[in-house]
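Chain by chain, the residues run as shown.
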Amino acid sequence: MRQHLRPIMFVGTCSDAGKSVINAAFCRIFKQDGYHPAPFKAQNMSLNSFSTPEGGEMGRAQVVQAEACGIPPHTDMNPILLKPTNDKSSQVVLNGRPIGNMSAQDYFGTENPKEGLFREAVQAFRRLESHYNPIALEGAGSISELNLRDRDITNMRMAIATGAATYLVADIDRGGVFGSVYGTVALLRPEERERIKGVIINKFRGDASLFEDGRKILEELTGIPVVGVIPWFRDIKIEEEDSVALDMKNNGYQEGKINVAIILLRRMSNFTDFDVLETDPRFNPYYTNDIGKIEKADIILIPGTKNTLADLQALKANGIANAIVKAYKAGKKVIGICGGYQMMGISLEDPESVEGDIPSIAGLGLLPQRTIIGQEKVTRQSRFAFLPASEEPDCKGYEIHMGQTVTLGNATEHPVAKLADGRLDGYYLDERCWGSYLHGIFDNPTVLDFLAAGFQAETLASRLDYQAFKEEQYDKLAALVRKHVDMEYIYESMRE
């Protein structure tokens, strides 16, 4: 039996330092080395979420890390999820269930709510710790935000509460790595600094041996060893949580491929629904709100959003809504997922102001349906038959939505999917126009092949086994990180 290890935690000098990916790497390394690890992040702020097997909602970053561990995701891995609804407020999801909306001022500016949430987070960690070892924790943003430190429930306070061996991750690619590492460490309280066991330099371009002098300088300045310099990579595909990743995905049109324009929405959620398209050589996906790029695409995908009515209003104002309708009339495929599916109907209504102050809005008018946003939130995993020619539910996906969509008038029900529990999902107008509530629908080879149907590029590739592809990526990531960090030192810091 493997020796019990204390938890390990990865915190950052800044946002987007690469903590989530490094955490995933260590989750796979621990699994490879015979341990039974699990990920944990006390509080996540993201519009990319997932429905667990129990029907709870959690951030996708910890789902990815759970996959790297080879275990099913559970809301204990991310007990608090904040989903921004607008610039000033977020829906708060606690232990997988929404408990209401809070403004940033209410959430960060008061003591009592945060104290209760911190206790909930620690309890979730303890439950997780009783089943797995080691626990790989992830911090959030920068650990040197002094104005928020006393109300922090995610970073150093959690490191101290869990006794985690903590490693500071710094992004060298954005510059100023000496100042960011030294300044971050200098701003820590003594008991916080004591938890920092090492520094990991991330996203290094070029020959890492050229940073040897830099490593020594940082160690002299901080008294903390630099335990790894991880190179920048583009050939390993790991699902990313932050929407800043979309800046790298705006390729534009490519000849010889099926060009897929994914509409860039302001409150876009679950853009990971389309990651599979990046791995399939038939497709060239790109995120855009440029009408010219939308018109050139073969397929237009409308993603989910946390604020469907407001995002649709914006699409109407900037001419994109009209461009989508014109593209369908010109023979292009138009498909909507979740909020994008709701937009494709005749109308959307929000009588209880769940999303905001827009009571109703006309949809794109592509599907004969009406959606009413309500308080009840559906979160469940689902097995389904696609375009139910057969009764066999051989596909899988998950639902996260607030709202009920019904077919209007004399229009015939024509579902996209028949779920294993007998429910029907989505609306199929024709092969060029359909929508569904099912996230992850394109991860199924049957659906992906249907998406490619009718284009010459569909012959470029055989069916993609996306799950096998992801497993290969986790192993490649683990090999890269193992090669460039001092694993012996890290294990020593984790031994109790």
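All values reported here derive from a predicted model rather than from experimental measurement. Every chain begins its residue count from 1, and numbering advances along the sequence as written. Totals for whole chains, interfaces and linings use every residue, but because this is a predicted model, local features are given only for residues with pLDDT of at least 70 and side-chain atom pairs only at 80 or more, for both listing and counting. Only hydrogens and water are removed before side-chain values are computed, so all heavy atoms of the structure are retained for them.

A. Spatial organisation of the overall build of the chain. Under the DSSP-based scheme used, a helix requires at least four consecutive residues in state H or I and a strand at least two consecutive residues in state E, with every element numbered from the N terminus. Helices and strands together make up the secondary structure of the chain, namely 16 helices and 26 strands. Only C-alpha atoms enter the radius of gyration; for comparison, a globular chain is expected to reach 2.2 Å times N to the power 0.38, where N is the number of residues. A globule of 496 residues ought to have a C-alpha radius of gyration of about 23 Å, and the chain, at 23 Å, matches this closely. Across its three principal axes, the chain shows a C-alpha extent of roughly 75 × 50 × 45 Å. Note on classification: 1.4 Å probe, protein chains only; a residue is buried when its accessible area is under 20% of the maximum for its type, exposed when over 50%, partly exposed between these limits. For the chain, with 496 residues in total, the buried portion stands at 58%. Only heavy atoms matter for contacts: two residues are in contact if any of them lie within 4.5 Å across the pair. When contacts within the chain are restricted to residue pairs at least 6 apart in sequence, those whose partners lie at least 24 apart make up 74%. Summed over all atoms, the accessible surface of the chain reaches about 20,100 Å², with 49% contributed by carbon and sulfur. Charge-centre separation for the chain: the mean point of 55 positive side chains lies 1 Å from the mean point of 67 negative side chains. Each accessible area is a Shrake-Rupley estimate made with a 1.4 Å probe; only the visible protein chains count as cover when residues are assessed. We count Lys and Arg on the positive side and Asp and Glu on the negative side, and we leave His and both chain ends out. Charge positions are represented by NZ for Lys, CZ for Arg, CG for Asp and CD for Glu.

B. View of the pattern of salt bridges. Salt bridge, as used here, is a side-chain nitrogen of Lys or Arg placed within 4 Å of a carboxyl oxygen of Asp or Glu. For the structure on display, the rule yields 24 salt bridges. Notably, a salt bridge pairs Asp-280 with Arg-282, separated by 2.7 Å at the nearest N-O pair. Residues Asp-280 and Arg-282 agree in their burial class; the two are buried. Members of the salt-bridge network, linked through shared partners, are Asp-16, Asp-171, Arg-174 and Lys-203.

C. Summary view of the environment of Asn-202. Tracing the sequence through the fold places Asn-202 in strand E11 (residues 196–204). In this structure Asn-202 comes out as buried when scored by relative accessible area, which is 7%. Taking C-alpha positions, Asn-202 is 9.9 Å from Val-177, a pair spaced 25 residues apart along the chain. We call two N or O atoms a polar contact when they sit within 3.5 Å, provided that within protein one can donate a hydrogen and the other can accept it, with sequence-adjacent residues counted only if both atoms are side-chain atoms. Polar contacts involving the side chain of Asn-202 include one to the main-chain carbonyl oxygen of Ala-17, which spans 2.8 Å.

D. Region of the structure containing the sheet that holds strand E2 (residues 38–40). Strands sit in the order E2-E9-E1-E10-E11-E12 across an open sheet of six strands; the sheet is parallel. A strand with exactly one partner marks an edge of an open sheet, and here the two such strands are E2 and strand E12 (226–231). If you compare each strand with its neighbour and ignore which way they point, the axes differ by 25 degrees on average. Any two strands with at least two DSSP bridges between them are considered paired. The sheet contact formed by strand E10 (residues 165–171) and E11 spans six bridges and is parallel. Each bridged residue has a counterpart across the sheet, and for Leu-168 the counterpart in E11 is Val-199. Note on method: axes are straight lines fitted to C-alpha atoms, helices fitted across the in-contact stretch only, with angles between N-to-C directions ranging 0 to 180 degrees. The strands touched by helix H1 (residues 19–32) within the sheet are strand E1 (8–12), E2, strand E9 (135–142), E10, E11 and E12, with E9 carrying the most contacts at an inclination of about 170 degrees.

E. Structural detail: the packing of aromatic side chains. Centre distance within 6.5 Å is the pairing criterion for rings of Phe, Tyr and Trp, where only the six-membered ring of Trp is used; planes under 30 degrees apart are then read as stacked, over 60 as edge-to-face, and the remainder as tilted. Under the definition given, this model contains 17 aromatic pairs. Judged by centre distance (5.5 Å) and plane angle (80 degrees), the rings of Phe-40 and Phe-125 are edge-to-face. With Phe-40 in strand E2 and Phe-125 in helix H4 (residues 112–129), the pair connects residues that are 85 residues apart, well separated along the chain. The class of Phe-125 is buried, set by a relative accessible area of 0%. A ring is considered to have a charge above it if a Lys NZ or an Arg CZ atom is located within 6 Å of its centre and within 35 degrees of its normal. Of note, Lys-296 hangs over the ring of Tyr-253, and the distance from its end group to the ring centre comes to 4.5 Å.

F. View of unusual backbone geometry. Residue Pro-134 follows Asn-133 across a cis peptide bond; omega there is -5 degrees. If you trace the backbone, Pro-134 turns up in the loop between H4 and E9. Here the phi dihedral of Asp-16 falls at roughly 60 degrees; this positive angle occurs in a residue that is not glycine. Residue position: Asp-16 is located in the loop between E1 and H1. In this structure Asp-16 comes out as partly exposed when scored by relative accessible area, which is 30%. If you check the backbone angles, Asn-270 has positive phi at about 55 degrees while not being a glycine. By relative accessible area, which is 2% here, Asn-270 ends up buried.

G. Inspection of the nonpolar core at higher detail. Only buried residues count toward a nonpolar core. Its members are Ala, Val, Leu, Ile, Met, Phe, Trp, Tyr and Cys residues joined through side-chain atoms within 4.5 Å. Ranked by size, the top nonpolar core spans 85 residues in total, and within it Phe-26, Phe-40, Met-158, Ile-201 and Ile-490 carry the most contacts. Sort the elements by how many residues they give to this core and H1 lands first, with eight residues. Those residues in contact with Ile-201, other than ones at most four positions away along the chain, are Ala-170, Ile-172, Val-177, Phe-211, Leu-218, Val-226, Gly-228, Val-229 and Ile-230. In terms of nonpolar packing, the next biggest core, distinct from the first, is built from 65 residues, Val-276, Leu-277, Tyr-328 and Val-354 among them.

H. Quick peek at H1. The span expected for a helix works out to 1.5 Å for each residue beyond the first. Relative to the 20 Å expected for 14 residues at 1.5 Å per residue, H1 spans 20 Å between its end C-alpha atoms, a close match to the ideal helical length. Counted residue by residue, H1 has 11 buried out of 14 residues, so it is predominantly covered. At the exit of H1 stands Gly-34, carrying a positive phi of roughly 95 degrees.

I. Main features of the sheet that holds strand E7 (residues 89–94). In space, the four strands of this open sheet follow the order E3-E6-E7-E8, with mixed pairing throughout. Of all the strands in the sheet, the pair left with one neighbour each is strand E3 (43–45) and strand E8 (97–103). Averaged over all pairs of adjacent strands, the angle between strand axes in this sheet comes to 25 degrees, irrespective of strand direction. With five bridges joining them, strand E6 (residues 80–84) and E7 adopt antiparallel strand pairing. Within E7, the residue paired with Lys-83 across the bridge is Gln-91.

J. Summary view of the side chain of Glu-399. Tracing the backbone through its elements, the reader meets Glu-399 in strand E22 (residues 395–407). Glu-399 sits in the buried class, given a relative accessible area of 3%. A polar side-chain atom of Glu-399 sits 2.9 Å from a polar atom in the side chain of Arg-423. If we skip the residues at most four places from it in the chain, Glu-399 touches Ser-51, Val-378, Thr-379, Arg-380, Ser-382, Leu-419, Arg-423, Tyr-437 and Leu-438.

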